[in-house]
Each structure stands twice: as C-alpha cells, then as structure tokens.
Amino acid sequence: MYCPNCESATLSEKEIITGLLVKECSRCHGQWISSSKYEVYLNRRDERSEKLMYNEFSHENGDSLKGKICPDCGHILVKFKVGHGIDFYLDHCLRCNGIWMDANEFKVLYSHGLHDELNKVFTTQWQKKVRKDAHQAAMELVYREKFGAKYEILKDLREWMQQQKNRSIVIAYLND
Ligand SMILES: [Zn+2]
Ligand SMILES: [Zn+2]
C-alpha cells in the first residue's frame, strides 16, 4: 500500500491510540485510517481506557494540498475543512470512507475531542457551519478595514440594536 501523499513510500501499521490501528508513511508521517479499522475502534471504545500513543513529529509538512488517491480503493480523496477552531483539511474517500491525516493532525483532533467523531466532519451539517464561520470571519475583516477603530463601538451598537423593540426610532435618530 503506497502513501497517497508521497506516492512511492509505503505505509506500515501503527497503533496511535488504544485500539486504533492506522497505516503510517515512513517518509511524511501522514496516516491512513481505513473505515473498517475505525469501525472496530469505535465499537470497542467503551471496553477500555484510552491511551494516546502518539509522538509528535519534529518535521512540519503542513497541510498537503495536492490531490490524493485512496490507498484502499483508488478513488480520488475529497478535502473537507475541519473548521470549528481547527484550520486544516482531512482527505476523505467517499467510496470506502477512509480518512487521510497529514503528520501531527491526529493529535490536534484528539485535543479537540474529535478523534472518536471523525465522521462528523464529513456531514452536510458540519460543513455548513464551517462555511458559515468562514463567511463570518471574512466579513469581520471587511468591516474592520472599513470602520477601523470605530468597529468595536459599532459592534456594541449593533448588538444593542438587535435587542431593541423599536429599532426604527434609533435608526431615525441616527439618520437625523
Ligand atoms: Zn508519505
Ligand atoms: Zn477508498
């Protein structure tokens, strides 16, 4: 089984948390979670106490943005932004449900309590929230640039306005 990132390097099995066997690349340290192994892990999770057996890799690859092929079934992997405070993408196979994580990403997912809910990231509901948050952050930048130092005041005013029953009076006052 070849690494979907390096293509030539091979993957070998490794237990990264009690009961979860992944395939890890010896070169880029990316990790592949096959759907069947993840299922086994999720089903037996309650029977034991978990221990993270994961060393941080010193070299930083960052998020590899190139297109990848599923090492299990050969399908093209699709990128899903994790969002919700995490800024990298996971590569996911929509045919066999496998997941590719670049080096060190599992540890971040674990620290956010997402390691046993990875499939959530690929749901429409989750992705909707990711897009909404990204849109909000982009708008925040626009407003900040437009209003400068007054932005904080305007933000407070806006919040206060939203609680007012009779907003038209406030608007009339502002326009006067
Ligand atoms: Zn690799
Ligand atoms: Zn696949």
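Note: the structure precedes this text.
Quick summary incoming for the structure in this document. In this text the structure is predicted, and so the values were computed from the model without any measurement.

1. Description of the overall build of the protein chain
When helices and strands are counted, the protein chain shows five helices and six strands. Secondary structure elements in the protein chain, listed N-terminal to C-terminal, are β-β-β-α-β-β-β-α-α-α-α. Relative to the 2.2 N^0.38 estimate, which gives 16 Å for 176 residues, the radius of gyration of the protein chain is 22 Å and therefore markedly larger than a compact globule would have. Expressed as lengths along the three principal axes of its C-alpha atoms, the size of the protein chain is roughly 70 × 35 × 30 Å. Counting every position in the protein chain, which comprises 176 residues, the buried fraction comes to 23%. At a minimum sequence separation of 6, the contacts of the protein chain that also span at least 24 residues come to 49%.

2. Remarks on the pairing of strand S5 (residues 86–92)
Sheet analysis places strand S4 (residues 78–83) next to S5, joined by five bridges and oriented antiparallel. Opposite Val78, over in S5, you have His92 as the bridge partner. Between S4 and S5, which follow one another and run antiparallel, lie two residues, and His84 among them has a positive phi close to 50°. As defined by bridge partners, S5 adjoins strand S6 (residues 99–101) across two bridges and the pair is classed as antiparallel. When the sheet's bridge partners are listed, His92 is paired in S6 with Ile99.

3. Observations concerning the nonpolar core
In this structure, Val22, Trp32, Leu90, Ile99, Trp100 and Met101 are the most contacted members of the largest nonpolar core, which totals 22 residues. Looking at this core, the elements that each hand over two or more residues are strand S1 (11–17), strand S2 (20–25), strand S3 (31–33), S5, S6 and helix H2 (105–111). The residues contacting Val22, other than those within four sequence positions of it, are Lys14, Ile16, Gln31, Trp32 and Ile33.

4. Topic: unusual backbone geometry
Positive phi, normally seen in glycine, also occurs at Glu7, with a value near 70°. By the secondary structure assignment, Glu7 is in the segment before S1. The phi dihedral of Asn97 falls on the positive side, at around 70°, and the residue is not glycine. Inspection of the secondary structure assignment puts Asn97 in the loop between S5 and S6. What makes Asn97 partly exposed here is the crowd of 19 C-beta atoms within 10 Å.

5. Some thoughts on the pairing of S1
Summarising the sheet, S1 and S2 pair through six bridges and their orientation is antiparallel. Note on S2: the bridge partner recorded for Leu11 is Cys25. The turn linking S1 back onto S2 is made up of two residues, and Gly19 within it adopts a positive phi angle of 90°.

6. Comments concerning the environment of Met1
Along the chain, Met1 falls in the segment before S1. For Met1 and Tyr173, which are 172 residues apart along the polypeptide, the C-alpha to C-alpha distance reads 69 Å. Setting aside anything within four residues of it in sequence, one finds Met1 in contact with Thr10, Leu11, Lys23 and Pro71.

7. Regarding the sheet that holds S6
Spatially, S1-S2-S3-S6-S5-S4 is the arrangement adopted by the six strands of the open sheet, whose pairing is antiparallel. Across the chains shown, the open sheet's two edge strands, defined by having one partner strand only, are S1 and S4. Adjacent strand axes in the sheet meet at a mean angle of 35°, parallel and antiparallel pairs treated alike.

8. Examining the environment of Phe122
Within the secondary structure, Phe122 sits in the loop between H2 and helix H3 (124–147). C-alpha of Phe122 to C-alpha of Lys79: the two residues are 43 residues apart in sequence and 9.3 Å apart in space. Among all residues touching Phe122, those that are not within four sequence positions of it are Phe80 and His92.

About the criteria used
- Residues numbered from 1 in each chain as written.
- Chains lettered and ligands numbered in written order.
- Predicted model: local features only at pLDDT ≥ 70, side-chain atom pairs only at ≥ 80, totals over all residues.
- Helix = DSSP H or I, 4+ residues; strand = E, 2+ residues; numbered from the N terminus.
- Rg over C-alpha atoms; globule rule 2.2 N^0.38 Å.
- Buried ≥ 20, exposed ≤ 12 C-beta atoms within 10 Å, placed from the backbone.
- Contact = placed C-beta atoms within 7 Å.
- Pairing = 2+ DSSP bridges.
- Core = buried A, V, L, I, M, F, W, Y, C linked by C-beta atoms within 7 Å.
- Axes fitted to C-alpha atoms, helices over the stretch in contact; angles between N-to-C directions.

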